[in-house]
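This is what each chain is made of:
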Amino acid sequence: MTTRQQLIEEITREAQDTASLTGRDRLDPRVLQALRTVRREAFVPATAVRHAYVNAPLPIGCGQTISQPFVVALMTELLDLRSADHVLEVGTGSGYQTAVLAELADTVGSIEIIPELAARAAAVLAAEGYARVALRTGDGSLGWPERAPFDAIIVTAAARDVPPALVEQLRPGGRMVIPVGEAGGEQELRLLRKDAGGTVTSRSVLSVAFVPLTSGTREDRRRG
Ligand code: SAH
């Protein structure tokens, strides 16, 4: 069985191996501490608890997956979170990434489109003591206008294009990480920054494989 400490070591190694692409060879100790703190075994299905600290994505039901721990670490790192930050996550899934964000930021809102997963994540997050996370069921590509603007936005499903509503809801000085590309095809993790004047710049960080960001309509969901 892989232990939590072995996982942290593996994430640290993978960060070094990908540093020329990501621009980060050392992960922020606070990010690593958050990964040490959150009990991933609480967020994976009971049948996968043995594999909770393997550096791999795992199925969580409804055709979705809990992301690979290295990817969770890297995306969190790229957000450069400060303890006063107001964060939005699109794609709650298991709630694991939500918990990692909650360790590092002031407020976290997370949106999940599949009601069954949203309900399960809500129960696990409450049981693990993350009472201050705000959860919503719906289409996260529209953002959460009532809570905007956000210092950081993280999207954990692959979009064909960056949803304009999310760019709009990013505060000047804000950061967004989002996988962009085709479902099951080529995807790149992108890091967007909105400067103080509102100008958005974007760079490609790494090629990745995420489940697709679906839209709220039934037709799209069948395709997704
Ligand atoms: N962060 C999650 C990753 C889950 S996979 C974790 O660590 O477990 C991505 C999730 O995004 C899935 O649960 C999927 O249902 C959800 N999703 C897909 N399209 C969405 C949309 N438009 N709005 C909100 N959630 C969406």
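Parameters and conventions
Residues numbered from 1 in each chain as written. Predicted model: local features only at pLDDT ≥ 70, side-chain atom pairs only at ≥ 80, totals over all residues. Heavy atoms only, no water. Helix = DSSP H or I, 4+ residues; strand = E, 2+ residues; numbered from the N terminus. Contact = heavy atoms within 4.5 Å. Polar contact = N/O pair within 3.5 Å; in protein donor to acceptor, adjacent residues only side chain to side chain. Pairing = 2+ DSSP bridges. Right-handed = clockwise from strand over helix to strand, strands pointing away. Near = heavy atom within 4 Å. Areas by Shrake-Rupley, 256 points an atom, 1.4 Å probe, with all protein chains shown as cover.

1. Notes on the environment of Gln97
Then comes step 1: Position of Gln97 relative to the elements: it lies in helix H5 (residues 96-104).
Then comes step 2: Here the alpha-carbon distance between Gln97 and Val38, two residues 59 residues apart in the chain, equals 9.3 Å.
Then comes step 3: For Gln97, the residues in contact, after removing those within four places along its chain, are Val72, Thr76, Glu89, Ile154 and Thr156.
Then comes step 4: Within the structure, the side chain of Gln97 is placed 3.0 Å from the side chain of Thr76, a separation counted as a polar contact.

2. With respect to the pairing of strand S5 (residues 134-137)
Side chains on a regular strand alternate between the two faces of the sheet.
Then comes step 1: Both strand S4 (residues 107-112) and S5 contribute to a ladder of 4 bridges, which runs parallel. Note that in S5 the partner of Glu112 across the bridge is Thr137.
Then comes step 2: With helix H6 (residues 115-127) bridging S4 and its parallel neighbour S5, the resulting β-α-β unit is right-handed.

3. Digging into the site of the ligand
Then comes step 1: The ligand sits among 25 residues. The nearest are Ser94, Glu112, Asp139, Gly140 and Thr214.
Then comes step 2: At 2.6 Å from an oxygen atom of the ligand is found a side-chain nitrogen or oxygen belonging to Ser94.
Then comes step 3: Contact distances for the ligand include 2.5 Å between a nitrogen atom and a backbone N or O atom of Thr214.
Then comes step 4: Contact with the protein chains covers 99% of the free accessible surface of the ligand, which is 580 Å².
Then comes step 5: Mapped by element, the contributors of at least two residues to the shell around the ligand are strand S2 (64-66), strand S3 (86-90) and S4.
Then comes step 6: The biggest single contributor to the shell around the ligand is S2, with 3 residues.

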